[in-house]
Amino acid sequence: MTVARKPRLLTGDRPTGPLHLGHLVGTLQNRVALQDSHECFLIVADLHSLTTRSKREQILELPGRVRSMVLDLLSVGIDPARSTIYLQSGVPAVYDLAILLQMLTPVARLSKIDTIKDMARSAGLAESEVPMGLLGYPVLQAADILMANAELVPVGGDNEIHVQVAQELAQHFNEAYGPVFAVPQPTISSTPSLPGVNTIPDGSAHKMSKSLGNTINLEDSSEEVARKLRTLPGPAPGEPGRPPLFAFSEAFLPAEADDLRRDYDRGVIGFAAVQDRIITAIDAVLAPFRERRAAFARDRGRVEEILVDGTITARKVAYETLGRVREAMGLEPLWAGLVQATQARAEARKRPVYPGREH
């Protein structure tokens, strides 16, 4: 009996810094929950990191950053027996696919994507310094998604536009050359982002971001979590809106968040007590992550083994997809025809000069 293939999921992160609570509520919890129902491909997107971090000294940091990111993934419950964790640059077929997809992507489409401008600003790049690779970031991301024929892409809210580019490219390719790609669908967390903390000036006015450095990292100690959360300003009781601290209560104390805010507004509970309650809740979430992280880190060579095994699996899938793409576009028949003609010419040279006289 043939076993039906699970729908395929693909998502990933750039190894530009530690994963943090924003990643946890934005996509990581979804990834863990979907491991049984989906075939999961998780990218350590080192090629994407080059779009804003291409200096030699930054590239030399990649081995440590890649290892740290894999430990973060394993710590939250990503299971290498159920999810394929792979190194993006270890899958050369995705480079080839990205180039082919670039030929189908209008520059005007990419220039309208605000997240590209935000990434450039966060990296301190002037408009004249934006590399072509950063402009084409969504196309490379589409190549990642389409090479795996992923049906589902868990992303943070600000990256939904990138999945839309992948959708458009899949639909355009299928219409132009024949049905090759699944059309991916994004899934957005109910908490698509968290505010940052004030470890930088005005950090809570922005979303939590590795680039900005206003994060509470998954690997942070209990003391570090408490210190960072206590940097958040307190609203006046009854003040309207969604103050940063209460955004954390909504994410990590969903059943109590409304009552906590109501009691604070009525003066039943003080600001320090609210902080303590949220700190305790977050630390309870992070404590098992720290234990799993430490266990994997102690198992020497295990992280590297997981990454190599996953990359080998991803390479096989990617080359199969690239072969179908080249066949559909006519590039493989073009090459095959040249090879056949060359082989025929070589065979012809082996024939005797005088037909019928071999000696």
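What you see is a predicted model, and the numbers here were worked out from it, not measured in a lab. (Residues numbered from 1 in each chain as written. Predicted model: local features only at pLDDT ≥ 70, side-chain atom pairs only at ≥ 80, totals over all residues. Heavy atoms only, no water.)

## What about the overall build of the protein?
- Within the protein one finds 16 helices and five strands.
- With respect to the principal axes defined by its C-alpha atoms, the protein has extents near 110 × 45 × 45 Å.
- When the 359 residues of the protein are sorted by exposure, 45% land in the buried category.
- Counting only contacts in the protein whose residues sit at least 6 apart along the sequence, the fraction spanning at least 24 positions is 75%.
- Taking the average place of the 40 positive charges on the side chains of the protein and the average place of its 43 negative ones, the gap between the two points comes to 6 Å. (Helix = DSSP H or I, 4+ residues; strand = E, 2+ residues; numbered from the N terminus. Buried < 20%, exposed > 50% of the residue type's maximum accessible area, 1.4 Å probe, protein only. Contact = heavy atoms within 4.5 Å. Lys, Arg positive; Asp, Glu negative; His and termini not counted. Charge placed at Lys NZ, Arg CZ, Asp CG, Glu CD.)

## Notes on the packing of aromatic side chains
- Applying the stated rule across the entire model yields five aromatic pairs.
- Linked through ring pairs, Phe-173, Tyr-177 and Phe-181 together constitute an aromatic cluster.
- If you follow Arg-261 out to its NZ or CZ, it ends over the ring of Phe-246, 4.9 Å from the centre. (Phe/Tyr/Trp six-rings, centres within 6.5 Å; stacked < 30°, edge-to-face > 60°. Lys NZ or Arg CZ within 6 Å of the ring centre and 35° of its normal.)

## Overview of the pairing of strand β2 (residues 39-44)
- Of all six residues in β2, five are buried, a share of seventy percent or more.
- Between the parallel elements strand β1 (residues 8-13) and β2, the chain passes through helix α1 (residues 21-33) in a crossover that is right-handed. (Right-handed = clockwise from strand over helix to strand, strands pointing away.)

## So, the packing of helix α4 (residues 62-75) against helix α15 (residues 302-329)
- The N-to-C vectors of α4 and α15 enclose an angle of 90°; their axes lie 10 Å apart at closest approach. By the angle between their directions, the pair α4 and α15 is classed as roughly perpendicular. For the pair formed by α4 and α15, the contact residues are Val-66, Arg-67, Val-70, Leu-71 and Leu-74 on the first element and Val-303, Glu-304, Ile-306 and Leu-307 on the second. (Axes fitted to C-alpha atoms, helices over the stretch in contact; angles between N-to-C directions. Parallel < 35°, antiparallel > 145°, perpendicular 65-115°, else oblique.)

## Some points on the pattern of salt bridges
- Inspection of every chain in the model, using the stated rule, returns 23 salt bridges.
- The partner of Arg-53 in a salt bridge is Glu-61, and the shortest N-O contact between them spans 2.6 Å.
- With relative accessibility at 33%, the residue Glu-61 sits in the partly exposed group.
- Linking Asp-263 and Arg-266 is a salt bridge whose minimum nitrogen-to-oxygen distance equals 3.6 Å.
- Members of the salt-bridge network, linked through shared partners, are Asp-36, Asp-79 and Arg-82. (Salt bridge = Lys/Arg side-chain N within 4 Å of Asp/Glu carboxyl O.)

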